[in-house]
Amino acid sequence: QSVLTQPPSVSAAPGQTVTISCSGSSSSIGSNYVSWYQHLPGSAPKLLIYDHNKRPSGIPDRFSGSTSGTSATLGITGLQTGDEADYYCGAWDSSVSGYVFGTGTKVTVL
Amino acid sequence: EVQLVESGGALVHPGGSLRLSCAASGFTFSIYSINWVRQAPGKGLEWISYISSTSRFIYFADSVKGRFTISRDNARNSVYLQMNSLRDEDTAIYYCARVETSGWSSGYWGQGTLVTVSS
């Protein structure tokens, strides 16, 4: 099964901005909507962004998503200690008729 | 309030079988598709199966194809994951999640149930 590629980790000080990249293919990100999820240890994953750049109700506008070609990006501004978590992108992959998640990125607040 | 509750996780020997359940409440279950996603110890999220609202469309990841089956009972607001020929590498927390109407995203997740495959 194909996967989406993310950097293993990113870090920044409180109040700063981080971006997380997600690289896919023409059959995944290039053809289908991208979602982003936050996963804290011991908790259920939470949907942060869907349809490339939409936020579900209750998700602050500090979180943003964008997509271009076969890559997507999650941005987090005004970083808070509560943002320390693992972040995953996800998209349907038409070539395998399956959903694929990114490799995951650990965000550390310094 | 939307709720998804997984159950059925247990310790099972390699080659054994297990059936997981996902009970939904707080929304019109019959119009939503459901995903199963797992996370092995120290690993990332892995999608493993999808079932559409009417069971017309069913998909599996290659890693479980031919060993796992998925079904649902809309009268009972439940989805089931039948896991056969279990392997050590199937050890994971298994989550069910509601698939939103746009873009295949998983909008609501259960807390997960732990499956341990070990001799």
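The rules we used
- Residues numbered from 1 in each chain as written.
- Chains lettered and ligands numbered in written order.
- Predicted model: local features only at pLDDT ≥ 70, side-chain atom pairs only at ≥ 80, totals over all residues.
- Heavy atoms only, no water.
- Phe/Tyr/Trp six-rings, centres within 6.5 Å; stacked < 30°, edge-to-face > 60°.
- Helix = DSSP H or I, 4+ residues; strand = E, 2+ residues; numbered from the N terminus.
- Buried < 20%, exposed > 50% of the residue type's maximum accessible area, 1.4 Å probe, protein only.
- Contact = heavy atoms within 4.5 Å.
- Buried area = accessible area lost by both parts, 1.4 Å probe.
- Polar contact = N/O pair within 3.5 Å; in protein donor to acceptor, adjacent residues only side chain to side chain.
- Nonpolar A, V, L, I, M, F, W, Y, C, P; charged D, E, K, R; others polar.

Engineer: Describe the packing of aromatic side chains, with residues and values.
Structural biologist: One pass over the structure, following the stated rule, counts 13 aromatic pairs over all chains. Ring geometry for Trp92(A) versus Tyr59(B): centroids 5.2 Å apart, planes at 65 degrees, classification edge-to-face. Pair noted here: Trp92(A) is in strand 7 (residues 85-93) and Tyr59(B) is in strand 6 (residues 58-60), and the two residues belong to different chains. Assessed through its relative accessible area of 23%, Tyr59(B) is described here as partly exposed. Centroid distance Tyr99(A) to Phe101(A): 5.2 Å. Interplanar angle 70 degrees. Geometry classified as edge-to-face.

Engineer: Provide a residue-level description of the interface of chain B and chain A, including the pertinent values.
Structural biologist: How big an interface is tends to be stated in terms of the accessible area lost upon association of its parts. With 20 residues of chain B in contact, the opposing surface of chain A contributes 18 residues. Carbon and sulfur atoms supply 62% of the area buried between chain B and chain A, which totals about 1700 Å² over both sides. Interface area lost by chain B to chain A is led by Leu45(B), Trp47(B) and Trp104(B), which between them contribute 34%. Seen at the junction of chain B and chain A, the total is two residue pairs in polar contact (both at pLDDT 80 or more). Of all the secondary-structure elements, those providing two or more residues to the side of chain B that touches chain A are strand 4 (33-39), strand 5 (45-51) and strand 10 (106-109) of chain B. Grouping the amino acids of the side of chain B that touches chain A by side-chain chemistry returns eight nonpolar, nine polar and three charged.

Just distances and angles here, no functional claims.
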